[in-house]
Amino acid sequence: MQPVIEMRGVTKRFVDVIANDKVDLKLFPKEIVGLLGENGAGKTTLMNVLFGYYNLDGGKLLINGGEVTFGSPKDAINHGIAMIHQHFTLVQTQSVLENVMIGMEGSFFLNKKKAREKLLGIEKDFGLNLDPDAIVWTLSIGEQQKLEILKSLYRGAKTLIMDEPTAVLAPTETIELFETLRILVASGHSIIFISHHLQEVMDICDRVIVLRSGKRVAERKVSETSIPELASLMVGRELLERLERGEAKTGNAVLEARNLKVRNNRGIVAVDNLSFTLREGEVLGVAGVSGNGQTALSEMLFGQVKPEDGEIHISGKNIPGGSPSAIIKEGMARIPEDRIKTGLFMDLSVKENMILESHVNEPISKKGLINMKEIRSFAEKCINNFSVKTDGMDAPVKSLSGGNLQKVILARELVGKPKVVVACQPTRGLDVGAMEYVHQAMLDQKTDGAGVLLISDDLDEIFLLSDRIIVMYEGKIIGEVSTNEADRDKIGLWMSGVTS
Amino acid sequence: MMSEIFSVAFITGIIAATLRMSTPIILATLGEIITERSGVLNLGIEGTMLFGAAIGFLTTLSTGSLWLGVLAAALAGIALSLIMAILSVYLGLSQHVSGLGITIFASGLAMFIYRLVVGSPTVPPIIDPFSPIAIPLLSRIPILGGSFFTQYSLTYITWLLIPAVSIFLFKTRAGLRVRTIGQNPFAADTVGVNVNLTRTLCLAAGGAFFGVAGAFLTLAHQNMFLIDVIGGRGWIAIAMTIFGNWNPVMGAVGGLIFGFLDALQLRLQTLGVDLPFHIFLMIPYLITIFALISVSRKASVPAGLLKPYRREDKGG
Ligand SMILES: Nc1ncnc2c1ncn2[C@@H]1O[C@H](COP(=O)(O)OP(=O)(O)OP(=O)(O)O)[C@@H](O)[C@H]1O
Ligand SMILES: [Mg+2]
C-alpha cells in the first residue's frame, strides 16, 4: 500500500545539536502512529519539519509517493497536513469562528455566514460540538483542543499531527479525544500521535516509532510489544523497578490551610472554604480532575494570589497572603504547574534561573551587589546534584529539553533543604526517565523530613507517592483517605463529584 | 464672560475648531491603531508627522499644488515606516528604541531638508493653504450646519476613514489577519499568514496616515512650517490609541475630546483671562494624562505587541 506520508533519512540540525539524524517514517492511510522518545529526543522537531515550520537539512519528504519541499506551514496545509502543537495556537480574544477563519482564502470581506455553515457541518460530521461564537478564553482546555482539531479539518487536513495532546487533558477528556480520533481514522484520516503516556499509546495507536537522541531506534506494532519494552527502548536501559514509597514518619504540622477561599479572574469561586494539614515526613496527594480549583489553590499557597478569606500557616506561623517573598522565607519549595510561564525565564541563562529566589540573600548578594563567583559555585552545585543536562550554566534555559527544565526548577527549589514542598503537576510532559527522577526526588524530600503536597491530576502518580489522599471537586475537598485504605473506584467517583 | 461662553457664536466656533484641531490627532491615531493591532508600537510617529509636515509643505511650496503636497507627505511617511519595519520587524530590534530613533532622526532630517530648500530667510515662506469647503445643503442647516459642514477636505476624508478602518479591521479577511498577528503571531504563521510582511504593510499604512496628519498642520491648519508644528500631537495619538482600547471609533472619540480641549483653551486665552497662556496650553495634555490613568487599567493590549516574531529556526 502507498503511504500517505513518507519521511526518508530526514536530518535536522540546530547550531550545536543534531535534533533529527536520518529518520525514516511512514504513515499509511487510516493509521495512527505513535511517536515515542525521551524529552529532547527530537519528536517535536521532526514533526515541525513535516509541517514545514523548519527547513530540513537532509533527506526527503514524500506525500502520496511524490516528493515535496515545504517552505512554510502553508505548503504543508495545502498538502493536507495539519499540526496541533503542544501549546495551542489560538487567539484568546477572538471567537471560535474567527479562529477557524484565519488565513483562509476567500473574498475581501469576511463571509461569516458561509464559514459558520461549513464549521457547523464539520462539527456535526465528527461529533465535535462548539459554539462558533464563544470567545476562546472562555473555553476549557479540552474545548480549545477541539477547536484546534476543527481548525485543521476546516482546512481539509487529511493527516493530523498531534504533539502531546493528552498532556493537558483530564482523563475524561482524553477518553473523548480518543473517540474523536477513532471517528477521524474511520473517515479516512491518518494521525501521528505523540505522548509520554505509554498506556495511551498502547490504547490508541496501531504502530509505534521510537526516537532516541534524534535517531530512530525502533519500530513496533502495538500488538507485538509491551509497555516495559517500549520504556526500555526509549531510555536505552532497563527502568528501575517500582519506587518504594516507604512508611510515613509524620511529625509536626508544617503547612496548614485554614478555610481558604478565592475567586478566579472571571469572578467565579475557585476554591471554597478549603482546609487541610500537611505534616513533616509525609506526602499528601491532592487528586481531582483538572479545573476543580487546583491551580487557584497552588497560586494561593505560592503567594501569587491573595486569598479572599482564610489563612495559610507554615510551621505554625500565619503567613500574609499574596506575598511570595514571605513564603520563600519560611522555606517553601514551589514547583509550579507551568514551567515555562511561571517557573522559569526562558531567555535567561541556567545559572540566572537557579538564583531567582536566593539572589537577595548572602552569600550570593552582599550590600546590594551580587557575587559572580558565588553564583557560579551555587549553580555548579545545583547542576551536579540534580544532573541537569545542559551545554553549561551560561546557556539560556530555553535550549533545554522539558525534563531538564523541570530539573532546573527542582534544583533551585530543593537545594536549600525546604520544610515544605508544594509540587503542582510536577511530571506533566516529562518522559518516563525524567518522571522517575522527579518521583524519587519527592520521596527523598519526605525521607529528609519535609512535608510534600503533591497536586496532580494523574491518579497513578498520586497513588505511587502519597501517604494520604484528598480529592478536590468544585473548589472543595470532597473526600480524604489514607492511601493504604484507598480504593481507586471510590476515588474515581469522588473526582466526578459523587459521595456516599 | 459667562454670557460670551454661552453665545451661539462661541459654541459654533468651538465646534468648528474642535473638528479642525482633532483632524491630525484622529488621523494619526487611526494609523497607530492599525500598526499596533499588528503588534508593532511605532514611536516614530512624532518624527514621521514632522517629516510629513515638512515634505508636504516644501512640495506645495515648489509645485503650488496642495494635493501633491499631501501625496508627498504620505510617501514620506511610508518611507520612514519602512525603515521602522526593517529595524523592528526584520532585524527584530526593540520597538521602543527603533521608534524613538526614527523620531529623532526624522526630526533632524525634516529641519535639514527644510533649511536646504528655503535657507534661513528672516520671514519664513508661506503657502496658500487649503480653505474650508462648505458642503451644499448640509452647511445650510440652521445654527450647527455651518460649523460641522464647512471644513477642510482632509477633515472630511478623516471622518470617512474612521468607519473605513473599523470595517477593515473587523469585517475583512485582511483585518482578521492583522488582528491575529497582533495577538498571536505564531498562530498566524501556522495557518500560513506571512507575519513580517503583514506587519510591514501595516507600518506602511500607518506611516501614510502620520505623514498626512503632519501635512494637515502645514497645509491647512497653518500656512508655514515651524520646527515645533507637531507639538506632541504624535504622542497624544499614542495615548488616544490606548484610550480608545485599540478601537478606531473610540480612538476618534478620544481625538475629538482632545481637539475640543485644544480649541477651548485657545478661546479661553483670547477671552483675556488673566493667567499665563502656558497654563492653557497644558490643559489638554493634563486631562489626557488623567483620562489615560483611569482608562488604561482596563485596556486590552494586543498580546503580541512589542514582540518581534521569528521562527525559532536557528538551524543551518
Ligand atoms: N529552536 C531550537 N534551537 C536549538 N535547539 C533546539 C531547538 N528546538 C529544539 N532544539 C533541541 O533539539 C533537540 C530535540 O528537541 P525536541 O523539542 O524536538 O524534543 P522532543 O522529543 O519534542 O522533547 P519533549 O518530549 O520534551 O517535547 C533538543 O536537544 C532540543 O534542545
Ligand atoms: Mg516536544
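Residues numbered from 1 in each chain as written. Chains lettered and ligands numbered in written order. Predicted model: local features only at pLDDT ≥ 70, side-chain atom pairs only at ≥ 80, totals over all residues. Heavy atoms only, no water.

1. Topic: the overall build of chain B
This is how the line gets drawn: Secondary structure elements follow DSSP: runs of H or I of four or more residues count as helices, runs of E of two or more count as strands, with numbering from the N terminus. All radius of gyration figures rest on C-alpha atoms, and the globule criterion is 2.2 Å times the number of residues raised to 0.38. Should any heavy atoms of two residues lie within 4.5 Å, those residues are considered in contact. Residue exposure ignores everything except the shown protein chains as possible cover, and the areas themselves are Shrake-Rupley values with a 1.4 Å probe. Just so you know, the count uses Lys and Arg for positive and Asp and Glu for negative, and it drops His and the chain ends. The atoms used to mark charge sites are NZ of Lys, CZ of Arg, CG of Asp and CD of Glu.
Regarding its fold elements, chain B presents 13 helices and two strands. At 20 Å, chain B has a C-alpha radius of gyration in line with the 20 Å of a compact globule built from 316 residues. Dimensions of chain B along its principal axes, counting C-alpha atoms only, are 75 × 45 × 40 Å. Considering only contacts in chain B between residues 6 or more positions apart, those separated by 24 or more positions represent 77%. As presented, chain B carries roughly 13600 Å² of accessible surface, and 73% of it is formed by carbon and sulfur atoms. Across chain B, 17 positive and 11 negative side-chain charges occur, with their mean positions spaced 11 Å apart.

2. Overview of the overall build of chain A
Applied cut-off: Exposed residues in this analysis have more than 50% of their type's maximum accessible area, buried residues have under 20%, and partly exposed residues fall in between, with area computed by a 1.4 Å probe over protein chains only.
Secondary structure assignment for chain A yields 17 helices and 22 strands. Taken over the C-alpha trace, chain A has a radius of gyration of 24 Å; the compact-globule value for 500 residues is 23 Å, and the two agree within 12%. By residue count, 55% of the 500 residues in chain A fall in the buried class. Nonlocal contacts in chain A, meaning residues at least 24 apart in sequence, comprise 67% of its contacts between residues at least 6 apart.

3. Remarks on the confidence of the model for chain B
Using the following cut-off: For every residue, the predictor assigns a confidence score, pLDDT, that lies between 0 and 100.
Residue-level pLDDT values for chain B average 91, and 97% of them are 70 or greater. For this predicted complex, the interface confidence score (ipTM) comes to 0.86, while the overall pTM stands at 0.85.

4. So, the sheet that holds strand E1 (residues 5–13) of chain A
All names here are of chain A. Here is the rule: Strand pairing is assigned whenever DSSP detects at least two bridges linking the two strands. The axes are straight lines fitted to the C-alpha atoms, using for helices just the contacting stretch, and the angles between their N-to-C directions are given from 0 to 180°.
The strand order across the open sheet formed by four strands is E2-E1-E4-E5, and the pairing between neighbours is antiparallel. In this open sheet, the two edge strands, each paired with only one partner strand, are strand E2 (18–27) and strand E5 (66–68). The sheet shows a mean angle of 30 degrees between the axes of neighbouring strands, direction not considered. In this structure, E1 lies alongside strand E4 (residues 58–63), joined through five bridges in antiparallel fashion. The residue bridging arginine 8 from the neighbouring strand is lysine 60, located in E4.

5. Details of the pairing of strand E22 (residues 476–482) of chain A
All names here are of chain A. Direction of pairing for strand E21 (residues 468–473) relative to E22: antiparallel, over a ladder of six bridges. Counted as the bridge partner of isoleucine 470 is glutamate 480 from E22. The antiparallel hairpin formed by E21 and E22 contains two residues in its connecting segment, where glutamate 474 sits at a positive phi of about 45 degrees.

6. Section: the interface of chain B and chain A
Using the following cut-off: The buried area of a pairing is the accessible area, by a 1.4 Å probe, that goes missing from both parts when the two are put together, added over both. Criterion for a salt bridge: a side-chain nitrogen of Lys or Arg within 4 Å of a carboxyl oxygen of Asp or Glu. Here a polar contact is recorded for every N or O atom pair within 3.5 Å, except that within protein the pair must consist of a potential hydrogen donor and a potential acceptor, and residues adjacent in sequence are included only if both atoms are side-chain atoms. Nonpolar residues are Ala, Val, Leu, Ile, Met, Phe, Trp, Tyr, Cys and Pro. Charged residues are Asp, Glu, Lys and Arg, and all others, Gly as well, are polar.
Each side of the interface is counted separately: chain B has 25 residues, and chain A has 35 residues. Both faces considered, chain B and chain A share a buried interface measuring about 2600 Å² in area, 57% of it formed by carbon and sulfur atoms. Where chain B packs against chain A, one counts one salt bridge. Applying the counting criterion to the chain B and chain A interface returns ten residue pairs in polar contact (both at pLDDT 80 or more). At the level of elements, helix H7 (153–171), helix H8 (173–183) and helix H9 (185–190) of chain B are the ones that each hand at least two residues to the side of chain B that touches chain A. In terms of residues, the side of chain B that touches chain A owes the most to one element, H8(B), which gives six residues. Its residues assigned to classes, the side of chain B that touches chain A comprises eight nonpolar, eight polar and nine charged.

7. Description of the pairing of E21(A)
All names here are of chain A. In terms of burial, E21 is largely enclosed, as five of its six residues are buried. One ladder, built from four bridges, connects strand E13 (residues 283–287) with E21; its direction is parallel. Directly across from valine 286, in E21, lies its bridge partner isoleucine 470.

8. Comments concerning the pattern of salt bridges
All names here are of chain A. The final tally for this structure, using the stated rule, is 30 salt bridges over all chains. Residues glutamate 6 and arginine 8 are paired through a salt bridge, measuring 2.9 Å at the closest nitrogen-oxygen approach. Here glutamate 413 makes a salt bridge to arginine 412, at a shortest N to O gap of 3.1 Å. Each member of the salt-bridge network shares a partner with another, and the members are Glu31, Arg207, Arg216 and Glu219.

9. Section: the domain arrangement of chain A
Residues and elements named next belong to chain A. Rules: Throughout the structure description, domain borders are defined by an automatic or database domain assignment.
Split into domains, chain A comes out as domain 1 (5–235), domain 2 (240–331 + 418–500) and domain 3 (343–416). Here the C-alpha centroids of domain 1 and domain 2 sit 33 Å apart. Residue-level contacts link 14 residues of domain 1 with eleven residues of domain 2. For the pair domain 1 and domain 2, the two sides together bury roughly 1000 Å², of which 58% comes from carbon and sulfur. At the boundary of domain 1 with domain 2, the tally comes to zero salt bridges.

10. A closer look at the nonpolar core
Across soluble globular proteins, nonpolar side chains have a tendency to be buried as a group. Basically, it comes down to this: Side-chain atoms within 4.5 Å are what join buried Ala, Val, Leu, Ile, Met, Phe, Trp, Tyr and Cys residues into a set we call a nonpolar core.
Ranked by internal contacts, the top residues of the largest apolar core, which has 92 residues, are Met47(A) and Leu181(A). Look past the residues within four positions of Leu181(A) in its chain and what remains in contact with it is Ile32(A), Met162(A), Ile191(A), Phe193(A) and Ile204(A). Among the nonpolar cores identified, the runner-up in size contains 54 residues, and Ile26(B), Ile34(B), Ala72(B) and Ala73(B) belong to it.

11. Re helix H4 (residues 112–126) of chain A
Along an α-helix, residues three or four apart share an orientation, since each turn contains 3.6 residues. Residue and element names in this part refer to chain A. Operational definition: To estimate the expected span of a helix, count its residues, drop one, and scale the result by 1.5 Å.
End to end, H4 covers 21 Å across 15 residues, agreeing with the expected 21 Å (1.5 Å per residue, within 8%). On its buried face, H4 sits against helix H3 (96–101), helix H5 (141–154) and helix H6 (171–186). Where H4 terminates, the next one or two residues include glycine 127, which has phi positive at roughly 65 degrees.

12. Here we look at unusual backbone geometry
Residue and element names in this part refer to chain A. Located in the positive-phi region is asparagine 64, a residue other than glycine, with phi close to 50 degrees. In this structure, asparagine 64 sits in the loop between E4 and E5. The exposure class of asparagine 64 is partly exposed, given its relative accessible area of 47%.

13. Section: the sheet that holds E21(A)
Residue and element names in this part refer to chain A. Read from one edge to the other, the open sheet built from six strands follows the order E16-E19-E20-E13-E21-E22, with strand pairing classed as mixed. A single partner strand is all that each edge strand has here, and the edge strands are strand E16 (332–335) and E22. When the angles between neighbouring strand axes are averaged without regard to direction, this sheet yields 15 degrees. The strands that helix H9 (residues 294–301) touches are E13, E16, strand E19 (420–424), strand E20 (451–455) and E21; relative to E20, the one it contacts most, it runs at about 145 degrees. Along the sheet face, helix H17 (residues 488–495) touches E21 and E22 and points at about 30 degrees away from the line of E21.

14. Focus: the confidence of the model for chain A
Residue-level pLDDT values for chain A average 90, and 99% of them are 70 or greater. Ranking the helices and strands of chain A by mean pLDDT puts strand E8 (residues 190–194) of chain A first, with 97, and strand E17 (residues 365–366) of chain A last, with 82.

15. A few points about the packing of aromatic side chains
Ring pairs (aromatic) are described by centroid distance and by the angle formed between their planes. The criterion, for reference: By convention, a stacked pair of Phe, Tyr or Trp rings (six-membered ring in the case of Trp) has centres within 6.5 Å and planes under 30 degrees apart, an edge-to-face pair has planes over 60 apart, and any other such pair is tilted.
For the coordinates displayed, the defined rule picks out eleven aromatic pairs over all chains. Taking the centre distance of 5.6 Å and the plane angle of 90 degrees together, the rings of Tyr53(A) and Phe186(B) count as edge-to-face. Here Tyr53(A) is found in the loop between helix H1 (43–50) and E4, whereas its partner Phe186(B) is found in helix H9 on a different chain. Between Phe148(B) and Phe149(B), the aromatic rings sit 6.4 Å apart at their centres with planes inclined by 45 degrees, giving tilted as the arrangement. Given a relative accessible area of 36%, Phe148(B) falls into the partly exposed group. For Phe149(B), a relative accessible area of 26% translates into the label partly exposed. Feature note: the residues Phe14(A), Tyr53(A), Tyr54(A) and Phe186(B) constitute an aromatic cluster, connected by ring pairs.

16. Digging into the packing of helix H2 (residues 8–37) of chain B against helix H12 (residues 248–270) of chain B
Residues and elements named next belong to chain B. Worth spelling out the cut-off: Convention used here: angles under 35 degrees read as roughly parallel, angles over 145 as roughly antiparallel, angles from 65 to 115 as roughly perpendicular, and any remaining angle as oblique. Note: crossing handedness is left-handed where the near helix turns anticlockwise from the far helix by less than a right angle, and right-handed where it turns clockwise.
With their axes 6 Å apart at the nearest point, H2 and H12 run at an angle of 140 degrees to one another. When the interaxial angle is binned, H2 and H12 end up oblique. As H2 runs across H12, the sense of the crossing is right-handed. Partitioning the contact of H2 with H12 into residue classes produces 17 nonpolar, seven polar and three charged.

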